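Letter by letter, the chains look like this.
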Amino acid sequence: MRTSLALIALLTLSACATGTVGDSWYQRELTALQESCRERGGVLTSTGATTGQPGTEFACIIHGPATRIDR
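Okay, so let's go over this structure.

Rules used in this analysis
Residues numbered from 1 in each chain as written. Predicted model: local features only at pLDDT ≥ 70, side-chain atom pairs only at ≥ 80, totals over all residues. Heavy atoms only, no water. Helix = DSSP H or I, 4+ residues; strand = E, 2+ residues; numbered from the N terminus. Contact = heavy atoms within 4.5 Å. Buried < 20%, exposed > 50% of the residue type's maximum accessible area, 1.4 Å probe, protein only. Polar contact = N/O pair within 3.5 Å; in protein donor to acceptor, adjacent residues only side chain to side chain. Disulfide = S-S within 2.5 Å.

1. Quick notes on the environment of V43
As for its position among the elements, V43 is in strand β1 (residues 42-46). Every residue in contact with V43, bar those within four places of it in the chain, is listed here: C37, A59, C60 and I61.

Written out as structure tokens, the structure is:
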């Protein structure tokens, strides 16, 4: 009986430690935003929103001359 309870507890804890698919998606999206912003010479900053979507929670702030020409 103790062995089965210990096994259940261990499986429960290991499931929590692996994270969720949503976490890895969010991190991939955030990393892509950071790289894109950095390539354009900007800095990624928080907008203050909490939506679960990195594209609305962060904005790329670019300081320098305005241009419409892609680099």
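2. A few points about the environment of Y26
Relative to the elements of secondary structure, Y26 occurs in helix α2 (residues 21-39). Judged by its relative accessible area of 22%, Y26 is partly exposed. Residues Y26 and G55, spaced 29 residues apart in sequence, show a C-alpha to C-alpha distance of 9.9 Å. The residues contacting Y26, other than those within four sequence positions of it, are G52, Q53, P54, E57 and F58. Within the structure, Y26 has its side chain in polar contact with the side chain of E57 (distance 2.3 Å).

3. A look at the state of the cysteines
Evaluated as defined, the whole model comprises 1 disulfide. Sulfur-sulfur distance for the disulfide between C37 and C60 comes to 2.0 Å. Its S-S torsion of approximately 85° makes the covalent link between C37 and C60 right-handed. Of this pair, C37 sits in helix α2 while C60 sits in strand β2 (residues 58-62), and the two are 23 residues apart along the sequence.

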